[in-house]
Amino acid sequence: MARVVVDVMLKPEILDPQGQAIARKLPQLGFEGVPAVRQGKRFELELDGPADEAALERARKIAETLLANPVIETFEVRAL
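Keep in mind the model is a prediction, meaning the values are calculated, not measured.

Visitor: Where do I start with the pairing of strand β1 (residues 2-10) in this structure?
Guide: Strand residues, when the strand is regular, have side chains that alternate between the two faces of the sheet. Looking at chain direction, β1 and strand β2 (residues 40-47) are connected through eight bridges and run antiparallel. Residue pairing for β2: V4 is matched across the bridge by L45. Alignment of β1 against strand β3 (residues 73-79), held across seven bridges, turns out to be antiparallel. Within β3, the position partnered with V4 by the bridge is A79.

Visitor: What's the story with the pattern of salt bridges in this structure? I'm lost.
Guide: Tallying each qualifying case throughout the model produces six salt bridges. Taking the shortest distance from any N to any O, the salt bridge between E53 and R60 comes out at 3.1 Å. Judged by relative accessible area, R60 falls into the partly exposed class, the value being 24%.

Visitor: I'm lost on the side chain of D16 in this one. Help?
Guide: The topology assignment puts D16 in the loop between β1 and α1 (17-28). Comment: no salt bridge for buried D16; closest opposite-charge side chain is R38, at 4.2 Å. Of note is the side chain of D16, whose polar atom sits 3.0 Å from the backbone nitrogen of G19. Here Q39 takes part through its backbone nitrogen, which lies 2.7 Å from a polar atom of the side chain of D16. Every residue in contact with D16, bar those within four places of it in the chain, is listed here: L10, V37, R38 and Q39.

Visitor: Explain the sheet that holds β3 to me, please; I cannot follow it from the model alone.
Guide: Adjacent strands of a sheet pair through backbone hydrogen bonds, lying either parallel or antiparallel. A sheet is described by the order of its strands in space; here three strands give the open sequence β2-β1-β3, paired in antiparallel fashion. The sheet is open, and its two edges are formed by β2 and β3, each paired on a single side. The average angle at which neighbouring strand axes cross in this sheet is 20 degrees, direction not considered. Strands β1, β2 and β3 of the sheet are contacted by helix α2 (residues 53-67), whose axis makes an angle of about 155 degrees with β3.

Visitor: How should α1 be read in this particular structure?
Guide: Count 3.6 residues to each turn of an α-helix, and residues three or four apart come out pointing the same way. Compared with the 16 Å implied by 1.5 Å per residue over 12 residues, the 18 Å span of α1 between its first and last C-alpha is a close match. By the burial criterion, the buried members of α1 are G19, A23 and L26. Down the axis of α1, the buried set is contained in an arc of 60 degrees. They therefore lie on one face. Away from its buried face by more than 90 degrees, α1 exposes P17, R24 and Q28. Phi turns positive, to about 95 degrees, at G30, one or two residues after α1.

Parameters at a glance
- Residues numbered from 1 in each chain as written.
- Predicted model: local features only at pLDDT ≥ 70, side-chain atom pairs only at ≥ 80, totals over all residues.
- Heavy atoms only, no water.
- Pairing = 2+ DSSP bridges.
- Helix = DSSP H or I, 4+ residues; strand = E, 2+ residues; numbered from the N terminus.
- Salt bridge = Lys/Arg side-chain N within 4 Å of Asp/Glu carboxyl O.
- Buried < 20%, exposed > 50% of the residue type's maximum accessible area, 1.4 Å probe, protein only.
- Lys, Arg positive; Asp, Glu negative; His and termini not counted.
- Polar contact = N/O pair within 3.5 Å; in protein donor to acceptor, adjacent residues only side chain to side chain.
- Contact = heavy atoms within 4.5 Å.
- Axes fitted to C-alpha atoms, helices over the stretch in contact; angles between N-to-C directions.
- Expected span 1.5 Å × (residues − 1).
- Arc of directions from axis to C-beta.

Any functional reading would require information that these geometric values do not contain.
What follows is the structure, given as structure tokens:
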């Protein structure tokens, strides 16, 4: 069984209000030196078969079709 991770993030040019809110709150909680935060999503997929290039390509197709909005998000696929 292949385990594949898909990390989805907003494109750099897209405003990230959740990340900004976290970055503003960190100093209030005593965490200094964190000027920026970007928030994203992580998906772990279990696929039949080995964790080979074919499995990664299947995961890429799933990400393009369902997990990420290619207009505002990017994604990375890797074997776990």
